[in-house]
Structure formats: structure tokens, C-alpha cells
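In case you want the letters, here they are:
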Amino acid sequence: MTAELVPTIGLEVHMHLATRSKMFCGCRVAYDARPNSLVCPVCLGMPGVLPVMNKLAVELSVRMALALNCTIPDFAKWDRKHYYYPDLPKNYQISQYDQPLGINGYLDVETPAGTRRIGITRVHLEEDAGKLMHAEHGNYSIVDLNRTGTPLLEVVSEPDVRGAEEARLYAETLRQLAVYLGISYCNMQLGQMRCEPNVSLRIGAGPDGKPLYTPISELKNLNSFRSVERAVTFEIARHRQEYLADPGNYTLAKQGKSTRGWRDDEGISFLQRSKEEAHDYRYLPEPDLVPFVPERAWVEELRKNLPELPRARRERYIKMGLSEETADMLLAEAFVANFWDVFHETLEHHQGAGKWPIKRVLELANNWTLQDVRRALNEKTIDAPSLHAEFAKQLADLVVLVETGVINRNTGAEVFNKMIKAKLDLNPKSAAEIVKEENLAQTSDSSAIEAFVDQALAANAKAVEDYRGGKKASFGRLMGEAMKASGGKANPQLVKEILLKKLGG
Ligand SMILES: [Zn+2]
């Protein structure tokens, strides 16, 4: 009688919004501050204080809901969710219970089996609680309330996910969207994104034709994609085993829901508590906040201003001739993708469409962005937000100067540093301006280069002798000396040719 057991998984994902201040007070949101230093009477839940809604948090939430193809209802409200725990000083969390700000959306997820459309039940906004740390030695805990009141977006999916890998891919796709839109930084180590899969197996249908399920277990607070996949894999196997051992008893109708933790080091889940039902939380409408009644025009404005979403952009990149891998690399951060678009467009404009194959353009972008831009990012001479369109254009102009032989690659790197310096001095200069002002253009005049080569040969008789005696490595030395004699401006290709000729091939 064993019917096919079909994993039926929904995910609740929490994300800290990328706001500077908390949800209902002016306290700063930060992760490296001294414990309990970013608090005030509002987020400490002192009697008589009043919450004030963070407008940006609401706007970011609606943007995310729109990007998830949700309907934005005309009316959403705030509710108090009551529970008693030391990380929640006011004994209730402000959340959205039955009227959230986004409903009925979907997210398309690429999987090895093709595109899967996962329904989004709801998107709602709430506040995070504080952080309890349990003492390693001794029977006590300490609490840090800096996190209390941080704006927290919850995205709840339909139970459309059918396996552990799919659960991971869903969470990764959601993260990409949120990071890309600037909704959240989703740094999982910092707890800015937490996943809670609800796992159950469909075990056939009842006499009335309705599907039957194993009990639902909710895995709490998974903070890496790897643990999402591992924990769901474990849980599916556990459900299967428990069901097959006692099919009459291991059902949702008999056992309901439970909450489970995940021990990543041991690779097992463990029972925390049988799950609270909604009435345990005694939800009440929040009396201190007005409901959220968005103006249609405002919502439409936000919809209109959504950027091209990662999925559409990925398709465009692949049509452009980029590999899937490269497209994903560019899309991992919005500023890198934006940078690429401007860079590519500028080079096309200079060279005419199709003159440089896309592979070559990518190679150039890689060479310059990975080497020079990345280094500057690492050394913090520039920061990611300053890599805006204007700078991408300037860099593309510089690359054109190198590629068309106006300056050589080494001078190019030097000009790049000068461009950054000029930018930091708030006196931005184009590559062409710097080349002209400092007279850095490359020399391709062969008689001038011949003179530099002669100079290098005369001054390095020993290296010449070594080279002729078979020590081919001496060539590099002579090449370097000739380049130096030219002040670094000689066309290296010509130097090489002339030097080879003079050394007798
Ligand atoms: Zn506060």
C-alpha cells in the first residue's frame, strides 16, 4: 500500500533590510558595536513609548514583494505577536499577521530539471528580536539587544519545493534577487539571512480525495545554503523512515507540527518543541501604529523603477554570447553587472558593434576589473558604490587607448592609478586628459626606438654576451633596459622586434 512519498517543502526566509536605522526607532543598525550600545527606550520596550515606522523599510519591502510578482493589497496592518523570552523585552514582536503587505506571488528558480515556479504565499515586515548567548561554562545566558527592532522581511513560500537541492536553489535565487535590488546585504554569517524550511511528505490521499501528509517539521534558523540542503535531505529521510515504521500514526492529522533544530557538526536535526499554533501567540492588532494603506500611484512608481531583474538580465547576457557561468559571476553583485553593461556599451561605441568579439571584451573587462579595480577595491582606494556608470565609461576609454596602441599596458596601469587619485581629489580626469597632460603616449617611431635599443645594448655588454652565449633569459633584461631608456613609453612590440634584429635573431 505504500504510495509514493513526495517531499512537500515550503520555506520561510528572513532577511535584515539594508536600512541604517531600526524599524520603529532611530537606533543605528550595526553588527560590530559593543553589546547593548545601540538601544533606546523604544527598542527596549519601556512603558509608554511609541513606535514610528521606518519609511525606507516599508519601501524596500514593497519593492521586494513587487519583484516577487506579488499583489500589494490596498490595506495591510501591524499586529502584536506575543511571546515571553529574554531576547524580547516588550514581550511581543510587531509583525503582520493576517494582512501582510504582499501576497500571491512567485519566484522562478533554475534547477537541473528546468525552471521551477515556486509560489510566494506572502511577504511581510516585522522586527527582529535580540540575541541570546548561552555561556559555555556555567548555567546562564547573556543577552545583546542591539539586534532588537532591526527591520526584518519575511518571505513565505508555498509548499511547492520538491527536494533538498531545490530548497537550496530557491534560497540562493531569493538571495540573489534581494542583494541585486539592494533590499538586503544577506550576509549569512552576520545573520542577515536565515532560512526555515517546513518539511513534510505527501503520503497519498484520504477517502475524500484530499492529500494526506506526514507531520510538518520546521527547521529553525539555518544560516548557510549548505545547511539548508543537508538539513532538508536529513529531514526527508527521517520522515520516510518514521512513516514507513508506523504509517497509521505518523501523519499530520495525528501529530501536527513541530519545531526542530539542526546540529551542523553532527548532521542531525533534533526536536525543540511541538510547534505553537497561531492562537498561542495571541495576535492582536497593534494599537500604536496606523495601518499601511499604500497609494496606488506610489506602488506603480516603485514597480516602474524596478531594474531589469537578474533573470531577464541573465538571458540577455547569454544571448550576447557569454557563458552561463560568466553571466552568473557578473550578476552576483548589481554593481558588477552595471559596470559590465556600461563597459561593454562604451567599447562597442568606440569600435563599432561586433568589431571586438564578446570574448575579447570580456577578457579586457576581466583583466582590468579583476586586476586593477579589484586591487583598488581591496586597498580601499575606491569603494564599490563609486564604481558607477561614469567610472565604467572612463575605464573603457582607457582600455581603448591601450588596445589601439596609444599607450602601452604598463602606462595604462599607471594612468588607471592616476585616474583614481584624481577622482579622490574630486578633480576627475579622463584617461585621454592624463595621457595628454603628462605626455605619456606611446612611441612607435622606429628610429627613436632604435636609439633606445642601442643605448641599452651599449650599457649592458655583459647581458648581450650572455644572450649570444645561449642565456636566453638575458633578453628580458635588455628589453627592460630599452623600455626604461624610453621612459616606459616605447611600443613594446617594436622594441622586441628591433632588439631581436640587433642581437641577430
Ligand atoms: Zn531603539
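This text gives an overview of the structure that appears in the document. (Residues numbered from 1 in each chain as written. Predicted model: local features only at pLDDT ≥ 70, side-chain atom pairs only at ≥ 80, totals over all residues. Heavy atoms only, no water.)

1. Structural notes on the overall build of the chain
Logical step 1: Per the secondary structure count, the chain includes 16 helices and 14 strands.
Logical step 2: A compact globule built from 505 residues should have a C-alpha radius of gyration of about 23 Å, whereas the chain, at 31 Å, is more than 25% larger.
Logical step 3: For the chain, the spread of C-alpha atoms along the three principal axes comes to 95 × 60 × 55 Å.
Logical step 4: Burial analysis of the chain (505 residues in total) assigns 47% to the buried set.
Logical step 5: Considering only intrachain contacts with a sequence separation of at least 6, the fraction spanning at least 24 residues in the chain is 68%.
Logical step 6: Accessible surface, the chain: about 25,500 Å² in total, of which carbon and sulfur atoms supply 52%.
Logical step 7: Between the averaged position of the 64 positive side-chain charges in the chain and that of its 67 negative side-chain charges there is a distance of 3 Å. (Helix = DSSP H or I, 4+ residues; strand = E, 2+ residues; numbered from the N terminus. Rg over C-alpha atoms; globule rule 2.2 N^0.38 Å. Buried < 20%, exposed > 50% of the residue type's maximum accessible area, 1.4 Å probe, protein only. Contact = heavy atoms within 4.5 Å. Areas by Shrake-Rupley, 256 points an atom, 1.4 Å probe, with all protein chains shown as cover. Lys, Arg positive; Asp, Glu negative; His and termini not counted. Charge placed at Lys NZ, Arg CZ, Asp CG, Glu CD.)

2. Details of the side chain of S269
Logical step 1: With respect to the secondary-structure elements, S269 resides in strand β13 (residues 268-274).
Logical step 2: Owing to a relative accessible area of 6%, S269 belongs among the buried residues under this scheme.
Logical step 3: A polar contact of 2.8 Å, which involves the side chain of S269, links it to the side chain of E235.
Logical step 4: Beyond its immediate sequence surroundings of up to four residues, S269 is in contact with L219, F234, E235, R238, R260, G261 and W262. (Polar contact = N/O pair within 3.5 Å; in protein donor to acceptor, adjacent residues only side chain to side chain.)

3. Regarding the coordination of the zinc ion
Logical step 1: Surrounding the zinc ion are the protein donor atoms C25 (SG), C27 (SG), C40 (SG) and C43 (SG), which sit 2.3 to 2.4 Å from the metal.
Logical step 2: Coordination geometry of the zinc ion: the four donor atoms subtend angles of 100 to 115° at the metal centre, consistent with an arrangement described as tetrahedral.
Logical step 3: The sequence motif formed by the donor residues of the zinc ion is C-x1-C-x12-C-x2-C. Here C40 lies in the loop between β1 (6-16) and α1 (55-67) and C25 lies in the loop between β1 and α1, a separation of 15 residues in the sequence. C40 shares its class with C25; the two are buried. (Donors = N, O, S within 2.8 Å, 3.2 Å for Na, K, Ca; no water. Tetrahedral: all angles 85-135°; square planar, octahedral: opposite > 155°, others 65-115°.)

4. Observations concerning the state of the cysteines
Logical step 1: Under the definition given, this model contains zero disulfides.
Logical step 2: The closest cysteine sulfur to the non-disulfide-bonded C70 is located on C186, 16 Å from its own sulfur. (Disulfide = S-S within 2.5 Å.)

5. Points about the nonpolar core
Logical step 1: Among the nonpolar cores identified, the biggest contains 66 residues, and M15, M64, L68 and Y170 are the most heavily contacted of them.
Logical step 2: Sort the elements by how many residues they give to this core and helix α2 (residues 164-180) lands first, with nine residues.
Logical step 3: Once residues lying within four places of it in the same chain are set aside, the contact partners of L68 are G105, Y106, L107, I120, V123, V155, L174 and L177. (Core = buried A, V, L, I, M, F, W, Y, C linked by side-chain atoms within 4.5 Å.)

6. Section: the packing of helix α14 (residues 461-468) against helix α15 (residues 474-485)
When two helices pack together, their arrangement is given by the angle between the helix axes and the distance between those axes.
Logical step 1: Running from N to C, α14 and α15 point in directions that differ by 145°, and their axes come no closer than 9 Å. Helix-helix and strand crossings are classified by hand; for α14 and α15 the assignment is left-handed. Here α14 contributes A463, V464, D466 and Y467 to the contact with α15, which in turn contributes S474, F475, R477 and L478. (Axes fitted to C-alpha atoms, helices over the stretch in contact; angles between N-to-C directions. Left-handed = near helix turned anticlockwise from the far one by under 90°.)

7. Describing α15
Logical step 1: For α15, with 12 residues, the first-to-last C-alpha span of 17 Å sits near the 16 Å given by 1.5 Å per residue.
Logical step 2: Those residues of α15 that sit buried are S474, F475, L478, M479, A482 and M483.
Logical step 3: At the exit of α15 stands G487, carrying a positive phi of roughly 70°. (Expected span 1.5 Å × (residues − 1).)

8. Quick notes on the pattern of salt bridges
Logical step 1: Scanning the model with the defined rule gives 35 salt bridges in all.
Logical step 2: A salt bridge links D341 to R313; its shortest N-O distance comes to 2.7 Å. Of this pair, D341 sits in helix α8 (residues 334-351) while R313 sits in helix α6 (residues 310-320); the two residues are 28 residues apart in sequence, bridging distant segments of the chain. Considered together, D341 and R313 belong to a single accessibility category, that of buried residues.
Logical step 3: Residues D328 and R314 are paired through a salt bridge, measuring 2.7 Å at the closest nitrogen-oxygen approach. Of this pair, D328 sits in helix α7 (residues 324-331) while R314 sits in helix α6; the two residues are 14 residues apart in sequence, bridging distant segments of the chain. (Salt bridge = Lys/Arg side-chain N within 4 Å of Asp/Glu carboxyl O.)

9. Some points on the packing of aromatic side chains
Logical step 1: Enumeration over the complete set of coordinates arrives at seven aromatic pairs.
Logical step 2: One aromatic cluster is present, built from ring pairs that chain together Y83, Y97, Y281 and Y283.
Logical step 3: Here K81 stacks its cationic end above the ring of Y281, 4.4 Å away from the centre of that ring.
Logical step 4: The ring of F270 carries R263 above its face, with NZ or CZ at 4.2 Å from the centroid. (Phe/Tyr/Trp six-rings, centres within 6.5 Å; stacked < 30°, edge-to-face > 60°. Lys NZ or Arg CZ within 6 Å of the ring centre and 35° of its normal.)

10. Considerations on the environment of M53
Logical step 1: Tracing the chain through its elements places M53 in the loop between β1 and α1.
Logical step 2: Between the alpha carbons of M53 and G267 there is a distance of 41 Å; along the sequence they are 214 residues apart.
Logical step 3: Not counting the four nearest positions on each side in its chain, M53 is found in contact with M23, F24, V58, W78 and L289.

11. Quick notes on a nonpolar patch on the surface
Logical step 1: Together, M133, Y140 and I142 line one region of the surface with nonpolar side chains, adding up to about 310 Å² of accessible area.
Logical step 2: You can call I142 partly exposed: its relative accessible area is 49%. (Patch = residues over 30% accessible without salt bridge, like charges linked within 9 Å, V, L, I, M, F, W, Y side chains within 5 Å.)

12. Section: the environment of I9
Logical step 1: Examined against the element boundaries, I9 turns out to sit in strand β1.
Logical step 2: As a C-alpha pair, I9 and S486 span 477 residues in sequence and 68 Å in three-dimensional space.
Logical step 3: Residues within four places of I9 in sequence aside, it is in contact with E158, P159, D160, V161, R162, G163, P197, N198, V199, V232 and I236.

13. Overview of the environment of G206
Logical step 1: Along the chain, G206 falls in the loop between β9 (193-205) and β10 (211-213).
Logical step 2: Note on G206: relative accessible area 14%, which makes it buried.
Logical step 3: Spatially, the C-alpha atoms of G206 and P47 are 51 Å apart, while their sequence positions differ by 159 residues.

14. Examining the packing of α6 against α7
Logical step 1: Remark: α6 packs on α7, axes separated minimally by 9 Å, with the N-to-C direction vectors making an angle of 140°. On the basis of their axis angle, the class for α6 and α7 is oblique. The hand of the α6/α7 crossing is right-handed. Contacts between α6 and α7 involve P310, R313, R314, Y317 and I318 on the former and, on the latter, E324, A327, D328, L330 and L331.
Logical step 2: Here the contact of α6 with α7 is built from residues that sort into six nonpolar, no polar and four charged. (Parallel < 35°, antiparallel > 145°, perpendicular 65-115°, else oblique. Nonpolar A, V, L, I, M, F, W, Y, C, P; charged D, E, K, R; others polar.)

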